[in-house]
Amino acid sequence: LLRALAEIHALGAVDDDMKLTLKGEIMAKLPVDPKFANLILCSSKHGCTAEVLTLVAMASAMDSGNVYMHPPSKQKRREAERAHAQFHRYEGDVCTYIHIFKSYAAAASGTDLESIF
């Protein structure tokens, strides 16, 4: 609990008296982790809101394991792992998540997405 309070204090969501700040009120309305809420709020002044929203969505999906396909058979799982490797970026997870999303968007462009779902 103390670590959580220290984190939201460091993010500016609460003041020194642990009272919710205006920023904290706005962050509380976003259905994401406080770190992600802070990133979203700060992104507009840096001109990277689209990238941050993509990152937050991808990181949230990766936490639940929903980005990569994981087939049940060993053979298919090995094939999937080899396919997943092409998306990995040596710069780290952030670049990997953005690359996965951009690859998906490029593959889906021109496709009637309603027909997929």
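Above this note sits the structure.
Residues numbered from 1 in each chain as written. Predicted model: local features only at pLDDT ≥ 70, side-chain atom pairs only at ≥ 80, totals over all residues. Heavy atoms only, no water.

## So, the overall build of the chain
Looking only at helices and strands, the chain features seven helices and zero strands. If you list the helices and strands of the chain from N to C, you get α-α-α-α-α-α-α. A total of 117 residues make up the chain; the buried ones form 20% of that total. Long-range contacts, defined as pairs at least 24 residues apart, comprise 24% of the intrachain contacts of the chain with a sequence gap of at least 6. Carbon and sulfur atoms make up 60% of the accessible area of the chain, which totals about 8600 Å². (Helix = DSSP H or I, 4+ residues; strand = E, 2+ residues; numbered from the N terminus. Buried < 20%, exposed > 50% of the residue type's maximum accessible area, 1.4 Å probe, protein only. Contact = heavy atoms within 4.5 Å. Areas by Shrake-Rupley, 256 points an atom, 1.4 Å probe, with all protein chains shown as cover.)

## A short note on the nonpolar core
Grouped together as the largest cluster of nonpolar side chains are five residues: Leu 55, Met 58, Ala 59, Tyr 97 and Ile 100. Every element with two or more residues in this core is listed here: helix 4 (49-63) and helix 6 (93-108). Discounting residues that sit within four places of it in the chain, Leu 55 has contacts with Val 94 and Tyr 97. (Core = buried A, V, L, I, M, F, W, Y, C linked by side-chain atoms within 4.5 Å.)

## Let's talk about helix 6
The end-to-end C-alpha distance of helix 6 is 22 Å, a good match for the 22 Å that 16 residues give at a rise of 1.5 Å each. For helix 6, the complete set of buried residues consists of Thr 96, Tyr 97, Ile 98, Ile 100 and Ala 108. (Expected span 1.5 Å × (residues − 1).)

## Here's the deal with the state of the cysteines
Across all of its chains, the model carries zero disulfides by this definition. Not part of a disulfide, Cys 42 finds its nearest cysteine sulfur in Cys 48, a span of 9.2 Å. Here Cys 42 falls in the partly exposed class, since its relative accessible area comes to 25%. (Disulfide = S-S within 2.5 Å.)

## What about the environment of Asp 16?
With respect to the helices, strands and loops of the structure, Asp 16 is situated in the loop between helix 1 (2-10) and helix 2 (22-29). The exposed category is assigned to Asp 16, whose relative accessible area is 67%.

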